[in-house]
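# An overview of the molecular structure
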Amino acid sequence: MTIHIGAKPGDIAQTVLMPGDPYRAKWAAETFLTAPRLVNEVRGMLGFTGTWRGNEVTIHGSGMGMPSLSIYANELIRDYGAKTLIRIGSCGGMQNSVGIRDVIVAMTASSVSTPSRGIFRELNFAPCADWSLLRAAVTAAEAKGVTTHVGGIYSADVFYDERPDLNEQMTRHGILGVEMEAAELYNVAARHGVRALAVLTVSDHLLTGEALPSEDREKSFGDMVEIALESAFA
Ligand code: ADE
């Protein structure tokens, strides 16, 4: 057990999918895993372990924002031996070429700050995805016929942004979408020599103001779970 995860040693798989929402973790585990069992519920942050095509997988919530994700990613890697961590979540589109429901596979994640800032200080470390996971995710997404974009995303500290000029600069620099977790996932994974990736569906759009109707969210989320599982075991 760790401070934030009640799982016993051996309860967490080496491959962990991380949605922000703990109830999405429950839904994904019950929908896609064989014999899923609850391994964590401390603070309501649900984690389940089961198998997918014979491979052991944990699906564990990250919570919202980089400080929350950082706690779980650190403990999953350092205390439970996780070796592959894939964030599955939503993002806001930032380019006209990116549509609602499209999938973004995040090659890099820019940020204003991350919980790792205290380590990097004046250094602008470039958090990036694991190449083998990224390549496999793109192959899996294209095979599903999902419109897929690969490139940089922006991991913001705030959802209700009072500085729209930052978003404008991100759009101007070709950033595909905005979410709130991937940069720190990539930082922590790099620090510990493990693989990480973020696969995101576009749930809203900063340029058009469109938003994915809630009845469509489950289907998009399911596609992402399958893309993440296929890339983890490619
Ligand atoms: N996640 C989904 N949409 C988002 C947005 N517009 N900003 C930040 N995170 C998001």
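Residues numbered from 1 in each chain as written. Predicted model: local features only at pLDDT ≥ 70, side-chain atom pairs only at ≥ 80, totals over all residues. Heavy atoms only, no water.

A word on unusual backbone geometry. Of note in the backbone geometry, Arg101 takes a positive phi value of approximately 85° without being a glycine. With respect to the helices, strands and loops of the structure, Arg101 is situated in the loop between β5 (84-93) and β6 (103-111). The phi dihedral of Arg121 falls on the positive side, at around 45°, and the residue is not glycine. As for its placement among the helices and strands, Arg121 is situated in the loop between α3 (117-120) and α4 (131-143). (Helix = DSSP H or I, 4+ residues; strand = E, 2+ residues; numbered from the N terminus.)

Per the UniProt record, "binding site: phosphate" (unreviewed entry) is found at Gly20, Arg24, Arg43, Arg87, Ile88, Gly89 and Ser90. Structurally, Arg24 can be placed in helix α1 (residues 22-32). Among residues more than four places away in sequence, those in contact with Arg24 are Pro19, Arg217 and Phe221. Examined against the element boundaries, Arg43 turns out to sit in the loop between β2 (34-40) and β3 (47-52). On the basis of relative accessibility, which here comes to 73%, the residue Arg43 falls in the exposed class. (UniProt positions renumbered as here; feature names shortened; annotations may be inferred. Contact = heavy atoms within 4.5 Å. Buried < 20%, exposed > 50% of the residue type's maximum accessible area, 1.4 Å probe, protein only.)

All residues adjacent to the ligand are Ser90, Cys91, Gly92, Phe159, Val178, Glu179, Met180, Ser203, Asp204 and Leu206. A distance of 3.4 Å is found between a nitrogen atom of the ligand and a backbone nitrogen or oxygen belonging to Gly92. Between the ligand and the protein, one listed contact pairs a nitrogen atom with a side-chain N or O atom of Asp204 at 2.6 Å. Coverage of the ligand by the protein amounts to 86% of the 260 Å² it exposes when considered alone. Sorting the residues of the shell around the ligand by element identifies β5, β8 (177-179) and β9 (195-205) as the ones contributing at least two each. The dominant element in the shell around the ligand, judged by the number of residues it contributes, is β5, at three residues. Grouping the amino acids of the shell around the ligand by side-chain chemistry returns five nonpolar, three polar and two charged. (Near = heavy atom within 4 Å. Polar contact = N/O pair within 3.5 Å; in protein donor to acceptor, adjacent residues only side chain to side chain. Areas by Shrake-Rupley, 256 points an atom, 1.4 Å probe, with all protein chains shown as cover. Nonpolar A, V, L, I, M, F, W, Y, C, P; charged D, E, K, R; others polar.)

Let us now look at helix α6 (residues 182-192). Most of α6 is tucked away, with eight of its 11 residues classed as buried. Of all the positions in α6, only Ala182, Ala183, Glu184, Leu185, Tyr186, Asn187, Val188 and Ala189 are classed as buried. Once α6 ends, the next one or two residues include Gly193, with phi positive near 65°.

One finds Leu17, Leu76, Leu85, Ile86, Tyr186 and Leu197 to be the most contacted residues of the largest nonpolar core, which totals 68 residues. At seven residues, helix α7 (residues 214-232) tops the list of elements feeding residues into this core. Aside from chain neighbours lying at most four places away, what touches Leu17 is Val57, Thr58, Ile59, His60, Ile86, Ile88, Val225, Ala228 and Leu229. Within the second largest apolar cluster, six residues are counted, among which are Met94, Tyr154, Ala156 and Met170. (Core = buried A, V, L, I, M, F, W, Y, C linked by side-chain atoms within 4.5 Å.)

When the UniProt feature table is mapped to this numbering, "active site" (unreviewed entry) covers Asp204. Tracing the chain through its elements places Asp204 in strand β9. Contact partners of Asp204, with chain neighbours within four places excluded, come to Cys91, Gly92, Gly93, Ile100, Glu210 and Ala211.

Across all of its chains, the model carries 11 salt bridges by this definition. A salt bridge links Glu226 to Lys144; its shortest N-O distance comes to 2.6 Å. One end of the pair, Glu226, is in helix α7; the other, Lys144, is in the loop between α4 and β7 (148-155), and 82 residues separate them in sequence. Classification of Glu226 as partly exposed rests on a relative accessible area of 27%. Taking the relative accessible area as the measure of exposure, Lys144 reaches 34% and is therefore partly exposed. The residue Asp165 makes a salt bridge to Arg163 at a minimum N-O spacing of 3.0 Å. In this structure Arg163 comes out as partly exposed when scored by relative accessible area, which is 44%. In this structure, a network of salt bridges that share partners links the residues Lys144, Lys219, Asp223 and Glu226. (Salt bridge = Lys/Arg side-chain N within 4 Å of Asp/Glu carboxyl O.)

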